[in-house]
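Below are the chains, spelled out letter by letter.
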Amino acid sequence: MSIITKNVMVALVGRPNVGKSTLLNRFLGEKVAIVSNKPQTTRNRITAVLNRGDTQFVFLDTPGIHRARTRLGEYMVKVARESVGEVDATVLLAEPVANIGPPEWELINRLKETRQPAVLAINKIDTVEKPALLEIMALYAAAHSFDAIVPISALNGDGVGELLNCLGKYTLEGPQLFPDGMISDQPEKQVCAEIVREKLLLCLDAEVPHGTAVEVTKFSERDSGVIDLDVTIYCEKQSHKGMIIGKNGQMLKKIGELARVDIETFLGAKVFLQTWVKVKERWRDSMGQLRNFGYTE
């Protein structure tokens, strides 16, 4: 094992659903951040750690920049904005579209303001032809003096190695920031709660999953090694509670079964999972509730 003598902290920023969490998981070679095809999947800043040779890469996966409509949304955007400037370098992920949208302009202006070293990663290149990709690269090159522009596919890994090599140029001499074997700063209970929320995003349509929060109320290990896990799912409306539970409890059962499989893989142990659903109206606009669910400064 190489001795860590250098480190670099990198923020991954961009609009919702651009692939930040998928890229984070690709860097690490395992799942540390939940993913879905719905916007605003990532709510908190997630720290993930990769040791490569003599360098420790510390990645900050941030919520997507969007037009906030709740206090939770305002918190998420604030977390993303403030991550730029608090790190050694920033990766701005963008869609392969020949248009720079408001979220990208907001982040580019933030990069200019902080004079943050930055790399542009144009994701999802498997969905666009090369002439169109070159046009997009030229558009962004004219908008900001990125240190590099790297086309990637976080989904299949194309260009990700090149992107990591680019980020290696920002390393600083110093001891490793996190101990060997640590890949994330998320407590086990938080990861389990996020896995359940991922299954809510997967199984439910429209606005319902965005109004949900998940709390682990019991996490204990039996002498046999089985983990007892009690989870409460909070939603904002009584009608949403009915959708989450489903006819004869079938939707909640499906969500629980899917979550249990991933949680067992994560914990490396058998899990006995029990789930409940409760209504907390407008919790996304309550500072007290946001703090209770861990969305704090």
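Residues numbered from 1 in each chain as written. Predicted model: local features only at pLDDT ≥ 70, side-chain atom pairs only at ≥ 80, totals over all residues. Heavy atoms only, no water.

Regarding the sheet that holds strand β8 (residues 213-221)
Condition: At least two DSSP bridges between two strands are required for those strands to pair. Think of it this way: any DSSP run of H or I at least four residues long counts as a helix, any run of E at least two long counts as a strand, and we number them from the N terminus. Structural elements are reduced to axes, namely lines fitted to C-alpha atoms, with helices fitted over the stretch in contact, and the angle between N-to-C directions of any two is expressed from 0 to 180 degrees. Contacts were defined at the residue level, with two residues in contact if any of their heavy atoms lie within 4.5 Å.
A sheet is described by the order of its strands in space; here three strands give the open sequence β8-β9-β10, paired in mixed fashion. Lying at the two open borders of the sheet, with one neighbouring strand each, are β8 and β10 (271-279). The average angle at which neighbouring strand axes cross in this sheet is 15°, direction not considered. Bridge analysis of β8 against strand β9 (residues 227-235) gives eight bridges, and the strand direction is antiparallel. For E215, the partnering residue across the bridge sits in β9 and is T232. Along the sheet face, helix α6 (residues 188-203) touches β8 and β9 and points at about 130° away from the line of β8. Where helix α7 (residues 238-245) meets the sheet, its contacts fall on β9 and β10, and the angle it forms with β10 comes to roughly 155°.

Remarks on the packing of α7 against helix α8 (residues 250-267)
Counted only if it meets this: Amino acids are sorted into nonpolar (Ala, Val, Leu, Ile, Met, Phe, Trp, Tyr, Cys and Pro), charged (Asp, Glu, Lys and Arg) and polar (every other residue, Gly among them).
Interhelical geometry of α7 versus α8 gives an angle of 65° and a closest axis separation of 5 Å. For the pair α7 and α8, contact is made by M243, I244 and I245 and by Q250, M251, L252 and I255, respectively. Looking at the contact of α7 with α8, its residues break down into six nonpolar, one polar and no charged.

Fair warning: the whole summary comes from geometry, so function is off the table for now.
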